[in-house]
Amino acid sequence: MSEGVEWALHSCVNLAWSGPDRAVSAARLAAWHDLPAAYLNKQLQALARAGIVTSAPGPRGGFRLARPLAAISLMDVVAAVEGPEEAFRCAEIRQQGPGRPEQGAAAECAIAHAMTRAELAWRKALAAQDLDEIRQQAERQAPEAPERLRAWLAAQ
């Protein structure tokens, strides 16, 4: 999984903390965590295509959440940034070389089967957790974070 997923998740929480009336530019969101703005902008554009954030152009433009954090799962963000493809892709190497099975051997690769089960469990776990749960945990760990962010954004 790329670091863009982490950046996108933090950006969603930061947009929630910034408030529904404030659009925040990719450059400003990137500066908060000292990230490259152009790369973060790509993640934010992926979130916009997925309907997680909205974007508005212009000097007062930027990004806002398109829906409440409670309606955005971790899987929504992962799929937006990484795409819908499966993480494990079986190349069927067992069918190559002298180790390939005899004719009539099991059609399903045991490794592919195990990896598919594991990925399904992982995707279900991500889909079961929403970003509001993450926001709440972050606020328990750093209660001052939302106000610090709002003050920093206001000082722009």
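Further up the page is the structure itself.
This write-up is about the structure you can find in this document.

How each quantity is defined
Residues numbered from 1 in each chain as written. Predicted model: local features only at pLDDT ≥ 70, side-chain atom pairs only at ≥ 80, totals over all residues. Heavy atoms only, no water. Helix = DSSP H or I, 4+ residues; strand = E, 2+ residues; numbered from the N terminus. Rg over C-alpha atoms; globule rule 2.2 N^0.38 Å. Buried < 20%, exposed > 50% of the residue type's maximum accessible area, 1.4 Å probe, protein only. Contact = heavy atoms within 4.5 Å. Areas by Shrake-Rupley, 256 points an atom, 1.4 Å probe, with all protein chains shown as cover. Lys, Arg positive; Asp, Glu negative; His and termini not counted. Charge placed at Lys NZ, Arg CZ, Asp CG, Glu CD. Salt bridge = Lys/Arg side-chain N within 4 Å of Asp/Glu carboxyl O. Polar contact = N/O pair within 3.5 Å; in protein donor to acceptor, adjacent residues only side chain to side chain. Axes fitted to C-alpha atoms, helices over the stretch in contact; angles between N-to-C directions. Parallel < 35°, antiparallel > 145°, perpendicular 65-115°, else oblique. Nonpolar A, V, L, I, M, F, W, Y, C, P; charged D, E, K, R; others polar. Core = buried A, V, L, I, M, F, W, Y, C linked by side-chain atoms within 4.5 Å.

### Description of the overall build of the protein
- What the protein contains, in helices and strands, is 7 helices and 2 strands.
- If you list the helices and strands of the protein from N to C, you get α-α-α-β-β-α-α-α-α.
- Taking 2.2 N^0.38 as the reference for a compact globule, 156 residues should give roughly 15 Å; the C-alpha atoms of the protein span a radius of gyration of 20 Å, well beyond that estimate.
- Taken along the three principal axes of its C-alpha coordinates, the protein extends 70 × 30 × 25 Å.
- Within the protein, the proportion of its 156 residues that are buried is 33%.
- Contacts spanning at least 24 positions in sequence make up 69% of the contacts within the protein whose residues lie at least 6 apart.
- Carbon and sulfur atoms make up 55% of the accessible area of the protein, which amounts to about 9,500 Å² in all.
- Taking the 17 positively charged and 18 negatively charged side chains of the protein as two groups, their mean positions are separated by 5 Å.

### Some thoughts on the side chain of R28
- With respect to the helices and strands, R28 occurs in helix α2 (residues 26-32).
- Although R28 is buried, it makes no salt bridge; D34 carries the closest opposite charge, 11 Å away.
- Side-chain polar atoms of R28 contact the backbone oxygen of W152, separated by 2.8 Å.
- The contacts of R28, once residues within four sequence positions are left out, are W152, L153, A155 and Q156.

### Let's talk about the packing of helix α1 (residues 3-18) against helix α7 (residues 145-154)
- At a minimum axis separation of 9 Å, α1 and α7 run at an interaxial angle of 75°. Considered as vectors, α1 and α7 are oriented roughly perpendicular to each other. Counted together, N14, W17 and S18 of α1 and A145, P146, L149, R150 and L153 of α7 form the full contact between these two elements.
- Considered class by class, the residues forming the contact of α1 with α7 number 5 nonpolar, 2 polar and 1 charged.

### A short note on the packing of helix α4 (residues 74-82) against helix α5 (residues 110-128)
- Running from amino to carboxyl end, α4 crosses α5 at an angle of 115°, the nearest separation of the two axes being 5 Å. In contact with L74, M75 and V78 of α4, α5 contributes W122, R123, L126 and A127.
- Considering only residue class, the contact of α4 with α5 consists of 6 nonpolar, no polar and 1 charged.

### Details of the nonpolar core
- Counting 31 residues, the largest nonpolar core has C12, L44, L47, I52, V77 and L131 as its most contacted members.
- The element that contributes the greatest number of residues to this core is α1, accounting for 7 residues.
- Excluding residues within four positions of it along the chain, V77 makes contact with V5, A8, L9, C12, L47, I52, I72 and L131.

### Topic: the environment of R140
- Among the secondary structure elements, R140 is positioned in helix α6 (residues 131-141).
- Each C-alpha atom, one on R140 and one on H33, is 19 Å from the other, the two residues being 107 residues apart in sequence.

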